[in-house]
Amino acid sequence: MKKCHITFQLNGITREVLVNPNQTLLRMLREDMGLTGTKYGCGEGDCGACTILLDDEPVNSCLILAAQIDGHRITTIEGLADGDKLHPLQTSFIEHGAIQCGFCTPGMLLSAKALLDEQPEPSELEIRTAISGNLCRCTGYQKIVEAILKVEKPACGCSSASENDCQEENC
Amino acid sequence: MKKPQFSVLNTRAPRVDAAVKATGKAQYADDLNRSGQLYGAILQSPVAHALIKNIDTSRAERLPGVKAVITAKDVGLTKYGVSPARYDETLFAHDKVRYIGDEIAAVAAVDLDTAQAALDLIRVEYEELPIVLTAAEALAENAPQLHDDYPGNINAEVHQEFGDTAAAFKECDFIHTHKLVNKRQDGGFIEPHACIAEYDHAGRLTLHTSTQVSHYVQRTVAMMTGIPIGRVRVVRPCVGGGFGPKCEATPLEISACFLAIKTGSPVKITYSREQVFLHSRARHQFYHEMTTGFKKDGTIMALAHKCTLDGGAYSSFGIATVYYAGSLLGAPYRLPNMKYDGMRVYTNKPACGAQRGHGGVAARACFEQQLDIIAEELKIDPIELRMKNMMETGDTTCNDLNMSSLGMRECVNAVKKGSAWKKKKGKLPAGKGIGMACGFFVSGAGYPIYRSDTFHSTAEIKVAEDGGTIILRSGIAEIGQGANTMVAMIAAEALGIPLDDVRVDSGDTDYSVDLGAYSSRQTLMSGHATKDAAENIKAQILEVVADKLKMDIKNLDIKEGFIKVKGRKKLDFAKFRDYYRKEHRGWPNLPEGDELSFTEAARMAFLEKGTIVGTGKYKPPILGGKFKGAAVGTSPAYGGSAQVVEVTVDRDTGKITVDAMTDAHDCGLAINKTMVEGQMHGSLSMGLGEALFEEVKFDEKGNLLTPSLGEYRIATALDMPNIETMIIESNEPNGPFGAKEVGEGAIMPTIPAILNAVYDATGVQITELPLTPERVLLALKEAEKEK
Amino acid sequence: MILPKFDYNAPATLDEACQMMANYGDRAKLLAGGTDLLIALKKKAVTPTQVVALDRVDEILGFCADEEGTYLGSRTTAAEIATADLGPAGQVLSQAAAQVGSPLIRNLATIGGNLVTAMPAADMAPPLLALQASVVLQRIGDQRELLLSDFFVSPGEQVMLPEEIMSMIVLPRLPEGCGGAFEKLGVRKALERSIVSVAAVISLADDGRTIKGARIALGAVAPTPMLAHDAAASLYDRKATPKNFATAAKTAAREARPRGLRTSAVYSRLMVEQLTIRALTRAYEAANL
């Protein structure tokens with residue numbers, strides 16, 4: 001089994017890794033990159049605990065081979081906050097009680113971020129649809145939906161947490 | 001009674017562990033790694049019932065990278081389980097296997113691939129035996145027997161009578177018999193079981209594991225491995241949900257321990273999702289038959305209740321389950337006569353155990369569905385029927401359960417109003433229905449699982465030598481419900497300091513004994529122990545302040561981080577403040593103002609006495625009756641819930657949509673309102689899933705047909721409606737600050753409220769769960785034919 | 001959760017991919033979205049020694065249309081199709097794509113993969129059958145196009161040779177006055193494999209009421225996705241009325257061949273009937289827009 005040499009962006013930083021062809025992206029993140037925020041819940045794409053952003057789109061990392069991310073951009077939960085500044089979604093989740101056991105939280109946050117980046121003012125139905133691939137057994141989704149609905153939007157209307165991303169003056 | 005003013009309690013304080021979970025930094029068992037760790041894998045039986053003729057591990061042992069292979073001959077045949085009187089499992093099967101998934105061997109290797117490959121090299125010779133897959137099959141004459149010690153495949157049998165049901169039935173105007181059957185469920189927690197065991201060469205064993213019960217796991221591991229319990233430490237990292245199935249020591253944990261001992265290396269094992277389903281220890285299948293007698297004015301007179309539980313291959317929590325199925329019907333309605341005959345049966349399937357609401361959920365569903373049938377028959381509104389029979393605070397049930405506080409009326413009124421029941425009942429358009437139900441649950445079991453006088457919860461609080469913070473160390477189980485935040489808030493309130501100054505470290509058996517997260521006990525029991533410890537600290541510190549500053553301790557208090565003084569004499573602490581400022585010369589944020597800060601007082605106490613440590617403890621008083629099984633159902637307090645659900649039933653497909661849920665729960669006092677609501681939401685979503693989608697299925701050979709979260713369907717965000725929750729606070733005298741449970745009481749009314757709403761929408765009573773579209777449609781068609 | 005060992009190949013062009021498949025034959029599996037293959041690998045249902053990933057083959061991405069039809073690259077994801085404007089008839093396909101699994105799955109799952117895996121409940125198959133789709137199968141030096149209705153053989157099996165790669169799905173341009181709709185029945189509202197699905201496309205005459213042509217395709221009620229020919233035929237030259245839709249729906253229910261695996265055959269047939277009525281009704285509304 002010949003290892004694959006892959007180069008990719010991980011949370012904004014270029015990484016170069018040798019991976020086994022039969023290793024999933026999920027396992028690579030957890031075992032080789034030391035990023036355990038992305039979780040194994042089922043391994044079959046049924047629960048969403050392994051959600052990451054692949055070129056800004058939320059996907060199940062348990063269904064992707066590590067070798068496939070060569071040349072792509074990956075965002076994990078560890079890349080959501082900007083240094084010590086939490087992403088507005090993280091703050092909203094904390095404030096609205098959207099986190100209980102926390103196991104679905106990384107995946108939920110990334111699915112929610114992808115939604116807000118596309119659609120900054122989603123309806124409740126759009127929110128529920130966006131997180132419909134992320135199972136939660138603790139919260140009944142109630143406070144998660146509230147947290148996403150009531151997330152604080154930056155004054156300029158962008159959904160960026162980082163001052164560097166948005167070019168608006170009053171962001 | 002007017003609610004007292006709290007500084008910390010009864011707020012919406014953010015959880016103490018929310019930030020670490022929001023950033024992906026929270027460490028769950030599978031996130032833990034140790035240098036030199038090995039990976040474990042477990043060999044499980046592919047057949048449901050068979051004699052083991054031979055186990056040959058030699059090829060597996062020789063595989064490069066394999067460090068240990070263990071079977072029954074290596075670990076012994078010590079029996080374990082949950083209730084000591086019914087220990088009926090060995091770690092590894094040695095003479096026979098009893099279900100597909102029964103453990104036979106375990107392997108530790110340098111990586112997971114090698115461990116899995118080693119499993120494939122273990123040769124086991126089976127002589128297959130006939131299997132029983134239903135309770136009926138298991139009870140049939142000449143059925144194959146699973147356990148020699150349990151003839152007839154009867155794991156437990158309960159026969160109880162309170163009052164005189166036969167006599168009472170004679171007085172009844174109306175007697176109705178009702179049946180309901182549910183299906184075997186799964187906990188559905190998103191984090192599979194995982195653990196890492198380490199054994200040092202000085203003879204100490206440490207196990208980090210995703211568990212609800214560090215204490216019980218510690219005892220079981222000590223018993224099984226023979227390592228003295230004082231050298232066994234179980235640590236609970238962040239847990240991704242428990243809901244019951246993580247309430248007992250698992251073969252995963254015990255295998256990892258044995259492998260760690262044998263190899264001298266850390267051993268990490270995680271269940272796959274399929275293995276979680278194979279392990280189960282989740283909700284039983286219950287067959288309920290209830291014969292209830294009423295007066296024509298709606299007064300409930302008697303209940304004769306028969307129940308059969310399909311328990312799977314081992315006891316697990318089963319003895320408690322079969323008792324709870326009966327005992328939890330003693331309330332919240334006055335029921336002077338109750339007869340209960342319950343039986344738990346062995347079958348060749350994974351063992352069932354405790355799951356949110358335990359044995360009470362299906363029983364409550366059957367009873368509450370029946371109440372609506374009675375209400376219709378007697379032409380009484382379902383809410384009125386319930387209110388008419390509702391117990392009051394102070395009442396005791398026929399089976400000796402005392403309602404020290406009971407906010408059930410308030411709950412019912414709240415959901416009646418909140419759901420606009422009067423406007424909707426009987427007035428909804430075709431295909432839409434509204435239904436309600438009540439339920440209640442214990443705030444902690446009155447007795448531990450093993451016969452003991454042990455305290456149910458103990459806690460230790462250490463005051464930082466400098467800085468005014470405290471660290472609370474306890475064995476409690478934070479599994480997502482918010483236990484760490486709850487005890488932090490109680491400690492902060494009882495001591496009188498801000499929540500931010502409390503740090504909690506929990507789940508480690510080195511810290512203290514706490515029985516764990518089950519039977520919805522921690523708010524009441526662990527809360528009490530914490531309050532006790534905090535008050536102890538407060539007394540110690542105020543004693544020093546009183547002594548040093550020449551005050552009467554009776555006039556001193558601590559609130560919001562400051563020493564408060566009653567009476568005319570002022571606190572003269574200028575000298576100490578001066579000393580403190582000198583001691584911390586150059587530091588920012590030094591204390592100022594005209595009140596002595598807790599930070600200073602704590603420093604004063606340290607300088608006088610050294611490290612200040614306080615301990616607390618709690619054990620419920622002797623509760624309940626003296627009859628057999630009285631222990632199960634006893635509790636210092638009971639949480640109660642009422643719920644109204646609205647549904648739409650698509651008559652052409654049978655598909656049910658739950659449009660609205662309104663729930664009111666009496667938790668005595670909400671320590672944290674957001675967390676109480678969260679528990680209600682979670683309970684309702686599990687109840688909805690069990691009512692509509694969830695079912696564990698097997699094929700005719702005993703193979704799981706639903707070993708995935710794709711096949712075993714829990715509610716998604718699109719399946720849940722918005723839930724309106726109302727918190728009722730009845731101020732429980734036996735609870736810390738008046739608090740009692742919420743985690744399991746709120747699920748009780750959910751399934752029957754849905755059943756009753758579906759009946760309201762369709763006129764058809766469905767008495768088998770789950771209400772899949774197919775089941776509903778075929779029931780509707782059947783009813784049409786009968787017309 | 002361990003996958004079998006294999007070598008990973010990432011060809012840059014379709015030709016390169018075809019060359020590899022010609023070399024490896026049935027020792028290789030093609031990887032597109034991975035939502036089916038990764039699971040099959042984890043369950044050891046397949047044990048290829050080579051995996052040929054199509055991630056870099058951009059020729060089979062994206063879609064376009066001309067006077068003759070719409071051409072969907074086989075790597076087009078369910079998410080892309082769900083939000084595409086495929087017209088009043090083509091919406092039968094976007095509606096199906098929007099209900100595949102979950103948003104996460106839809107970002108990975110490809111239309112080609114959905115067809116090649118050939119599951120009886122494949123959501124995008126009935127709409128494509130209703131749209132008279134054909135598939136283009138490429139192999140080294142050769143290419144063939146065949147109707148999707150000739151593509152499926154049995155659960156998990158279709159007519160492709162080991163060295164073939166599906167490159168494109170062709171939707172012939174339909175006349176004016178066509179409308180399509182898709183109905184899916186699952187237990188939950190997301191993450192569901194269909195219990196029953198129905199795709200209907202209707203073509204109306206100029207009077208806006210007479211049905212010139214219809215195609216009704218059923219999913220999950222036979223060993224393969226299937227067309228309900230008799231049901232569709234029963235609508236030719238008939239008026240689009242609830243009564244005629246109901247009759248066609250009953251015929252469709254009779255044509256279905258459910259195996260009674262997930263739900264009973266009785267229920268499956270009843271649902272074919274129900275969903276066919278709903279699909280026809282909505283297809284008619286779409287045709288009239």
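Residues numbered from 1 in each chain as written. Chains lettered and ligands numbered in written order. Predicted model: local features only at pLDDT ≥ 70, side-chain atom pairs only at ≥ 80, totals over all residues.

Student: I would appreciate a short explanation of the overall build of chain A in the present structure.
Tutor: Within chain A, the regular secondary structure consists of five helices and five strands. For chain A, the N- to C-terminal ordering of α and β elements is β-β-α-β-β-β-α-α-α-α. Since a compact globule built from 171 residues should have a radius of gyration of about 16 Å, the 16 Å found for chain A is in line with a globular shape. Here the C-alpha coordinates of chain A stretch approximately 50 × 40 × 25 Å along the principal axes. Across the 171 residues of chain A, 62% fall into the buried class. Pairs at least 24 residues apart make up 56% of the contacts formed inside chain A by residues separated by at least 6 positions. (Helix = DSSP H or I, 4+ residues; strand = E, 2+ residues; numbered from the N terminus. Rg over C-alpha atoms; globule rule 2.2 N^0.38 Å. Buried ≥ 20, exposed ≤ 12 C-beta atoms within 10 Å, placed from the backbone. Contact = placed C-beta atoms within 7 Å.)

Student: In this structure, what is going on with the overall build of chain C? I would like to understand it.
Tutor: Of regular secondary structure, chain C possesses 10 helices and 14 strands. Against the globule reference of 19 Å for 289 residues, chain C gives a C-alpha radius of gyration of 19 Å, in line with a compact fold. In terms of overall dimensions, chain C has a C-alpha envelope of 60 × 45 × 30 Å along the principal axes. Out of the 289 residues belonging to chain C, those deemed buried represent 60%. Long-range pairs, those at least 24 residues apart, make up 67% of the contacts in chain C between residues at least 6 apart in sequence.

Student: Just checking my understanding: could you explain the nonpolar core for this structure?
Tutor: Counting 418 residues, the largest nonpolar core has Ala491(B), Ala200(C), Ile202(C) and Ile216(C) as the members making the most contacts within it. Here the element with the most residues in this core is helix H10 (residues 265–287) of chain C; it accounts for 12 residues. Those residues in contact with Ala491(B) that sit more than four places away from it in its chain are Ile461(B), Ile470(B), Leu472(B), Val502(B), Thr530(B) and Ala534(B). (Core = buried A, V, L, I, M, F, W, Y, C linked by C-beta atoms within 7 Å.)

Student: Hey, could you run me through the environment of Asp149(B) in this one?
Tutor: Residues and elements named next belong to chain B. In this structure, Asp149 sits in the loop between helix H5 (135–139) and strand E7 (154–162). By C-beta crowding, Asp149 is classed as exposed, having 10 other C-beta atoms within 10 Å. In the structure, Asp149 is positioned 61 residues away from Asp88 in sequence and 8.7 Å away in space, judged by C-alpha atoms.

Student: What is the right way to look at the domain arrangement of chain A in this model?
Tutor: For interface size, the figure often reported is the accessible area lost on association. Residues and elements named next belong to chain A. Domains assigned within chain A are domain 1 (4–79) and domain 2 (88–149). The C-alpha centroid of domain 2 is placed 21 Å from the C-alpha centroid of domain 1. Of the residues lining the interface, 15 residues belong to domain 1; the matching set on domain 2 comes to 12 residues. Elements represented by at least two residues in the side of domain 1 that touches domain 2 include exactly strand E3 (51–54) and strand E4 (57–60). If you tally residues by element for the side of domain 1 that touches domain 2, the top one is E3, at three residues. (Domains from an automatic or database assignment.)

Student: Just checking my understanding: could you explain the packing of helix H7 (residues 214–225) of chain B against helix H8 (residues 251–263) of chain B for this structure?
Tutor: Two quantities define a packed helix pair, namely the angle between the helix axes and the distance between the axes. All names here are of chain B. Where H7 contacts H8, the two axes come as close as 10 Å, and the packing angle between them is 50 degrees. Between H7 and H8, the angle falls in the class oblique. Both H7 and H8 take part in a crossing whose hand is right-handed. The segment H7 lies against H8, with Val217, Val221, Met224 and Thr225 engaging Glu253, Ile254, Cys257, Phe258 and Ile261. In terms of residue class, the contact of H7 with H8 is made up of seven nonpolar, one polar and one charged. (Axes fitted to C-alpha atoms, helices over the stretch in contact; angles between N-to-C directions. Parallel < 35°, antiparallel > 145°, perpendicular 65-115°, else oblique. Left-handed = near helix turned anticlockwise from the far one by under 90°. Nonpolar A, V, L, I, M, F, W, Y, C, P; charged D, E, K, R; others polar.)

Student: Mind showing me how you'd approach the interface of chain C and chain A here?
Tutor: With 24 residues of chain C at the contact, the number on the chain A side is 25 residues. Secondary structure elements with two or more residues in the side of chain C that touches chain A: strand E1 (7–9), helix H2 (37–42), strand E3 (50–53) and helix H5 (103–106) of chain C.

Student: Got a minute to help me understand the confidence of the model for chain C in this structure?
Tutor: Confidence in the prediction of chain C, expressed as mean pLDDT, is 97, and 100% of residues score 70 or more. Across the interfaces of the predicted complex, the ipTM metric reaches 0.97, alongside a pTM of 0.97. (pLDDT = per-residue confidence, 0-100.)

Student: Looking at this structure, I do not really get the sheet that holds strand E23 (residues 638–649) of chain B. What am I missing?
Tutor: Each strand in a sheet pairs with its neighbour through backbone hydrogen bonds, running either in the same direction (parallel) or in the opposite one (antiparallel). All names here are of chain B. Strands sit in the order E16-E23-E24-E25 across an open sheet of four strands; the sheet is mixed. Because the sheet does not close on itself, it has two edges, and the strands there are strand E16 (432–442) and strand E25 (723–728). Pairwise comparison of adjacent strand axes, ignoring direction, gives a mean angle of 15 degrees for this sheet. With 11 bridges joining them, E16 and E23 adopt antiparallel strand pairing. In the sheet register, Gly439 faces E23, and the bridge partner there is Ser641. (Pairing = 2+ DSSP bridges.)

Student: How do you make sense of the interface of chain A and chain B when you look at a structure like this?
Tutor: In this assembly, 41 residues from chain A lie in contact with 45 residues from chain B. Of all the secondary-structure elements, those providing two or more residues to the side of chain A that touches chain B are helix H2 (88–95), helix H3 (105–118), helix H4 (124–130) and helix H5 (142–149) of chain A. Among the elements that take part in the side of chain A that touches chain B, H2(A) stands out by supplying four residues, more than any other. Residues belonging to the side of chain A that touches chain B are distributed by class as follows: 20 nonpolar, 14 polar and seven charged.

Student: How do you make sense of the sheet that holds E3(C) when you look at a structure like this?
Tutor: Residue and element names in this part refer to chain C. What the three strands build is an open sheet, ordered E1-E3-E2; its pairing is parallel. Two strands close off the open sheet at either side, each with one partner strand: E1 and strand E2 (28–31). When strand polarity is set aside, the average angle formed by the axes of neighbouring strands in this sheet is 25 degrees. Where E2 and E3 come together, four bridges link them in parallel fashion. Each bridged residue has a counterpart across the sheet, and for Lys29 the counterpart in E3 is Val51.

Student: Help me understand the packing of H2(A) against H3(A) in this model?
Tutor: All names here are of chain A. Taken N-terminus to C-terminus, the directions of H2 and H3 make an angle of 130 degrees; their axes are 10 Å apart at the nearest point. Between H2 and H3, the angle falls in the class oblique. Between H2 and H3 the crossing geometry is right-handed. Between H2, through Leu89, Gln90 and Phe93, and H3, the contact on the second element is made entirely by Thr105, Leu109, Ala112 and Lys113.

Student: What exactly am I supposed to notice about the domain arrangement of chain C here?
Tutor: Residue and element names in this part refer to chain C. Here chain C is described as being made up of domain 1 (7–53), domain 2 (58–172) and domain 3 (178–287). Using only C-alpha atoms to locate each centre, domain 1 and domain 2 end up separated by 18 Å. If you look at the interface, domain 1 gives 15 residues, while domain 2 gives 18 residues. In terms of residue class, the side of domain 1 that touches domain 2 is made up of seven nonpolar, six polar and two charged.

Student: I would appreciate a short explanation of helix H12 (residues 382–389) of chain B in the present structure.
Tutor: In an α-helix, one turn spans 3.6 residues; hence positions three or four apart end up facing the same way. Residue and element names in this part refer to chain B. Those residues of H12 lying buried are Pro382, Ile383, Leu385 and Arg386. Along the axis of H12, the buried positions cluster into a sector of 160 degrees, meaning they face one direction only. Turning to H12, the residues buried within the fold contact helix H11 (360–378), helix H13 (408–418), helix H14 (421–424), E16 and helix H20 (750–762). (Arc of directions from axis to C-beta.)

Student: Could you clarify how one ought to interpret the confidence of the model for chain A in this entry?
Tutor: Low-pLDDT portions of the prediction should not be read for the details of their coordinates. Taken residue by residue, chain A gives an average pLDDT of 93. The fraction at 70 or more is 90%. Low pLDDT, under 50, characterises residues 160–164 of chain A; the predicted model gives this stretch nine contacts beyond four residues in sequence or across chains.

Student: Can you walk me through helix H4 (residues 87–97) of chain C in this structure?
Tutor: Most of H4(C) sits out of view: 10 of its 11 residues are buried. All of the buried residues along H4(C) are Pro88(C), Ala89(C), Gly90(C), Gln91(C), Val92(C), Leu93(C), Ser94(C), Gln95(C), Ala96(C) and Ala97(C).

Student: Honestly, the pairing of E3(C) in this entry has me stumped. Any pointers?
Tutor: Successive residues of a regular strand alternate their side chains across the two faces of the sheet. All names here are of chain C. Pairing of E1 with E3, which is carried by three bridges, proceeds in the parallel orientation. Bridged to Asn9 within E3 is Val52. Crossover E2 to E3 through H2 is right-handed. (Right-handed = clockwise from strand over helix to strand, strands pointing away.)

Student: Mind showing me how you'd approach the environment of Asn134(A) here?
Tutor: All names here are of chain A. Looking at the secondary structure, you find Asn134 in the loop between H4 and H5. Spatially, the C-alpha atoms of Asn134 and Leu25 are 18 Å apart, while their sequence positions differ by 109 residues. Those residues in contact with Asn134 that sit more than four places away from it in its chain are Gly48, Thr51, Cys104, Gly107, Met108 and Ser111.

Student: Hey, could you run me through the environment of Glu774(B) in this one?
Tutor: Take Glu774(B): it is sitting in helix H21 (residues 773–786). Remark: the alpha-carbon pair of Glu774(B) and His288(B), spanning 486 residues in sequence, is separated by 22 Å. Not counting residues up to four positions away in its chain, the partners in contact with Glu774(B) are Gly654(B), Thr263(C), Ser264(C) and Tyr267(C).

Student: What am I meant to see in unusual backbone geometry here?
Tutor: Excluding glycine, a negative phi dihedral is what most residues carry, and trans is how most peptide bonds are arranged. Residue and element names in this part refer to chain B. Backbone torsion omega between Ala331 and Pro332 reads 0 degrees, so that peptide bond is classified as cis. Residue placement: Pro332 occurs in the loop between helix H10 (318–327) and strand E15 (337–345). The omega angle of the peptide bond from Leu769 to Pro770 is -10 degrees, so this bond is cis rather than trans. The topology assignment puts Pro770 in the loop between H20 and H21. Positive phi outside glycine occurs at Asn10, with the angle close to 65 degrees. Tracing the backbone shows Asn10 in the segment before helix H1 (18–22). Its identity is not glycine, yet Phe737 carries a phi of approximately 55 degrees, on the positive side. With respect to the secondary-structure elements, Phe737 resides in the loop between E25 and H20. Note on Phe737: 22 C-beta atoms within 10 Å, which makes it buried.

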